[in-house]
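Given next are the chains, with one letter for each unit.
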Amino acid sequence: MTQILDGKALAAQVQSELAQQVQALTAQGHRPPGLAVIMVGDNPASAAYVRNKERASGKVGIASQVHHLPATVPQAEVMALIQHLNQDANVDGILVQLPLPDGLDAVALLNTIDPDKDVDGLHPINLGRLLRGEQGLRSCTPYGVMRLMAAHTIDLTGQQAVVVGRSILVGKPMAIMLLEANATVTVAHARTVDLPALTRQADILVAAVGRPNMITADWVKPGAVVIDVGINRVESPDGKAQLVGDVDYDAVAPIASAITPVPGGIGPMTVAMLLENTVTSYRQRLQI
Ligand code: NDP
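Residues numbered from 1 in each chain as written. Predicted model: local features only at pLDDT ≥ 70, side-chain atom pairs only at ≥ 80, totals over all residues. Heavy atoms only, no water.

1. Topic: the overall build of the protein
Just so we agree on the cut-off: Here a helix means four or more residues in a row that DSSP labels H or I, a strand means two or more in a row labelled E, and each is numbered from the N terminus. Each radius of gyration reported is based on C-alpha atoms, and the globular scaling rule is 2.2 Å times the count of residues to the power 0.38. Here the term buried applies to any residue with accessible area under 20% of the maximum for its type, exposed to any over 50%, and partly exposed to those in between, with areas from a 1.4 Å probe on protein chains only. The contact criterion used is simple: two residues touch if any of their non-hydrogen atoms lie within 4.5 Å. Using a 1.4 Å probe, accessible areas were evaluated by the Shrake-Rupley method; residue-level cover was limited to the displayed protein chains. The positive count covers Lys and Arg only, the negative count covers Asp and Glu only, and His and the chain ends enter neither. The atom standing in for a charge is NZ when the residue is Lys, CZ when it is Arg, CG when it is Asp and CD when it is Glu.
Helix and strand counts for the protein stand at 10 helices and 11 strands. For a compact globule of 288 residues, the expected C-alpha radius of gyration is about 19 Å, and the protein comes in at 19 Å, within 12% of that figure. C-alpha extents for the protein along the principal axes are approximately 55 × 40 × 40 Å. Looking at the protein as a whole, 47% of its 288 residues are labelled buried. Within the protein, counting contacts between residues at least 6 apart in sequence, those at least 24 apart form 70% of the total. Total accessible area on the protein is roughly 13,500 Å²; 52% of this is exposed by carbon and sulfur atoms. Positive and negative charge centroids in the protein, built from 21 and 26 side chains respectively, lie 2 Å apart.

In C-alpha cells form, the structure reads like this:
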C-alpha cells in the first residue's frame, strides 16, 4: 500500500498548534506576531500565493500586512521599505514574493532583509547557518519536505537521496537538509547525463524542476519515497486550468512506498513553515 504524504493535513495540524501558541501568548498581553509581505507587480500566480499566505496568517493569529507596489517601482523604494520594516518592532517576518519584475535586483533586496526577520530563509546568513548546521530560519519549501517526511517517520539515514533541481530556493537547501539527516545525496540538474538511470537508484526522490509530469514510472525505483515539489499550471483535456507536479502521479504512485500529491503536498507545507518561522522569530524577539 502506497502511503500518501498528505501535506494539507499536516499543515492544518501545524497551523492549529501555532494558533494555540499565539492565542495563549496574546491572552497574556503580548502583541500578535507580525508578518510583512512585499509584492511587486501583478503576477496572478504571485497574487494567489500572497492571498493564501494572508489567509493562513489570519487563521493563526499573525497580523499580516501586504505591501503591494507597482511593477515600475524603483529598486531604492523597495529597499527603503525593507529597511523600514527591519526597524519596525511589530514586524517579526518580512518576505518578498518572488519572482520580481525585470529591472529589480531580487538578490540585493533579499540581502537587505534583517536575517532574524528572514522568514523565507533565503538570506545568505540563514543559508550559511543551514550549511554549518547551526540554528536559523530555514527555507520554507525544503523544511516543509523534511517535516512531512519526519511526521511519517521516514528514516533517511544511509538512504540514497536524489534531488532533481539545484535552485537556491529549493534544490540546494533541500540537498543540505537531506545530508544533515544522514542521507547520501546526489543533486541532478538540466545537464545531468542519463537522469532516469540516476533517479532509478533513489530511495528518496525529490523533484523540484518545474516540468509537468516529467518523472514517469520507469524513472522510479519500486518502493521509493517520492516527493513532488513541482507546481505546474497546465490545461486539462476539458480546457480548464489544472495544477500538476513534476511527477506523473497516477503512474508513479502504485510503485512508490510513499508519495506527495499535487496539489495538497508540499505547497501547504511551505505556507505552514512560513508561519512557523514567523512565530519562531516573534518568540525570539520577545524572548517568550
Ligand atoms: P528553478 O527554475 O529555479 O529551478 C529548476 C531546476 O530544475 C534547475 O536547477 C534546473 O537545472 C532543473 N531542471 C530544469 N530542467 C531540467 C531537466 N530537464 N532535467 C533535470 N533538471 C532540470 O525552479 P524552482 O527551484 O524555483 O522551482 C522548481 C519547481 O518547484 C517549480 O515547479 C516551482 O513552481 C515549484 N515550487 C514549489 C513550491 C511549493 O511551495 N511547493 C515552492 C517553490 C517552488 P539547471 O540549474 O541546470 O538549469
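Following the structure, the description resumes.
2. Structural notes on the domain arrangement of the protein
Put simply, the rule reads: An automatic or database domain assignment provides the domain bounds reported here.
Parsing the protein into structural domains produces domain 1 (30-114) and domain 2 (140-267). Just the C-alpha atoms count here: the centres of domain 1 and domain 2 sit 28 Å apart.

3. A short note on the environment of leucine 205
Tracing the backbone through its elements, the reader meets leucine 205 in strand 7 (residues 204-207). For leucine 205, a relative accessible area of 1% gives the class buried. Ignoring anything within four residues of it in the chain, the contact list for leucine 205 reads Val162, Val164, Thr199, Ile215, Val220, Val225, Val226 and Ile227.

4. Some words on the environment of isoleucine 94
Position of isoleucine 94 among the secondary structure elements: in strand 4 (residues 93-96). Its relative accessible area of 0% is what places isoleucine 94 among the buried residues. Here the alpha-carbon distance between isoleucine 94 and valine 60, two residues 34 residues apart in the chain, equals 17 Å. Apart from the residues within four sequence positions on either side, isoleucine 94 is in contact with Leu35, Ala36, Ile38, Ile82, Leu85, Asn86, Ile113, Lys117, Asp118 and Val119.

5. Some words on the nonpolar core
Note the following rule: Put simply, buried Ala, Val, Leu, Ile, Met, Phe, Trp, Tyr and Cys residues joined by side-chain atoms within 4.5 Å make one nonpolar core.
Residues Met149, Leu178 and Ile227 are the most contacted members of the largest nonpolar core, which totals 46 residues. With eight residues, the single largest contributor to this core is helix 10 (residues 266-286). When we break this core down by domain, the ones giving at least three residues each are domain 1 (30-114) and domain 2 (140-267). Those residues in contact with methionine 149 that lie beyond four places of it in its chain are Ile154, Leu156, Leu178, Ile204, Val225 and Ile227.

6. Observations regarding the site of the ligand
Our working definition: The nearness test applies per residue and asks whether one of its heavy atoms lies within 4 Å of the molecule or strand. Two N or O atoms form a polar contact when they lie within 3.5 Å of each other; inside protein one atom must be a possible hydrogen donor and the other a possible acceptor, and for residues adjacent in sequence the pair counts only when both atoms belong to side chains. Any residue that is not Ala, Val, Leu, Ile, Met, Phe, Trp, Tyr, Cys, Pro, Asp, Glu, Lys or Arg is counted as polar, Gly included; the first ten are nonpolar and the last four charged.
By nearness alone, 22 residues border the ligand, and Arg166, Ser167, Ala190, Ile231 and Thr270 come closest of all. In this structure, an oxygen atom belonging to the ligand sits 2.8 Å away from a side-chain N or O atom of arginine 166. Here threonine 270 contributes a side-chain N or O atom positioned 3.0 Å from an oxygen atom of the ligand. When isolated, the ligand has an accessible area of 920 Å², and the protein chains bury 70% of it. If you tally residues by element for the shell around the ligand, the top one is helix 10, at three residues. Here the shell around the ligand is built from residues that sort into 11 nonpolar, nine polar and two charged.

7. Let's talk about the packing of helix 1 (residues 7-27) against helix 2 (residues 44-60)
Applied cut-off: Lines fitted to C-alpha atoms define the axes here, with helix axes fitted over just the stretch in contact, and angles between the N-to-C directions of these axes take values from 0 to 180 degrees. Angles below 35 degrees are treated as roughly parallel, those above 145 as roughly antiparallel, those between 65 and 115 as roughly perpendicular, and all remaining angles as oblique.
At a closest axis distance of 8 Å, the pairing of helix 1 and helix 2 adopts a crossing angle of 50 degrees. By the angle between their axes, helix 1 is oblique relative to helix 2. Two secondary-structure elements touch here, helix 1 through Gln15, Leu18, Ala19 and Val22 and helix 2 through Ala56, Lys59 and Val60. The residue makeup of the contact of helix 1 with helix 2, split by class, is five nonpolar, one polar and one charged.

8. Re the environment of threonine 72
When you line up the elements, threonine 72 lands in the loop between strand 3 (63-69) and helix 3 (75-87). The class of threonine 72 is exposed, set by a relative accessible area of 70%. As a C-alpha pair, threonine 72 and aspartate 102 span 30 residues in sequence and 9.4 Å in three-dimensional space.

9. Regarding the pairing of strand 2 (residues 34-40)
The cut-off we apply is this: DSSP bridges decide pairing: two strands pair if at least two such bridges lie between them. Orient the strands so they point away from the viewer, and a crossover whose first-strand-to-second-strand path over the helix runs clockwise is right-handed.
Of all seven residues in strand 2, seven are buried; the element is thus mostly enclosed. Across the two faces of strand 2 the burial is the same, with Gly34, Ala36, Ile38 and Val40 and Leu35, Val37 and Met39 all buried. Taken together, the seven bridges between strand 2 and strand 3 define a ladder with parallel strand orientation. Bridge pairing links leucine 35 to serine 64 in strand 3. Read as a crossover between parallel neighbours, the route from strand 2 over helix 2 to strand 3 is right-handed.

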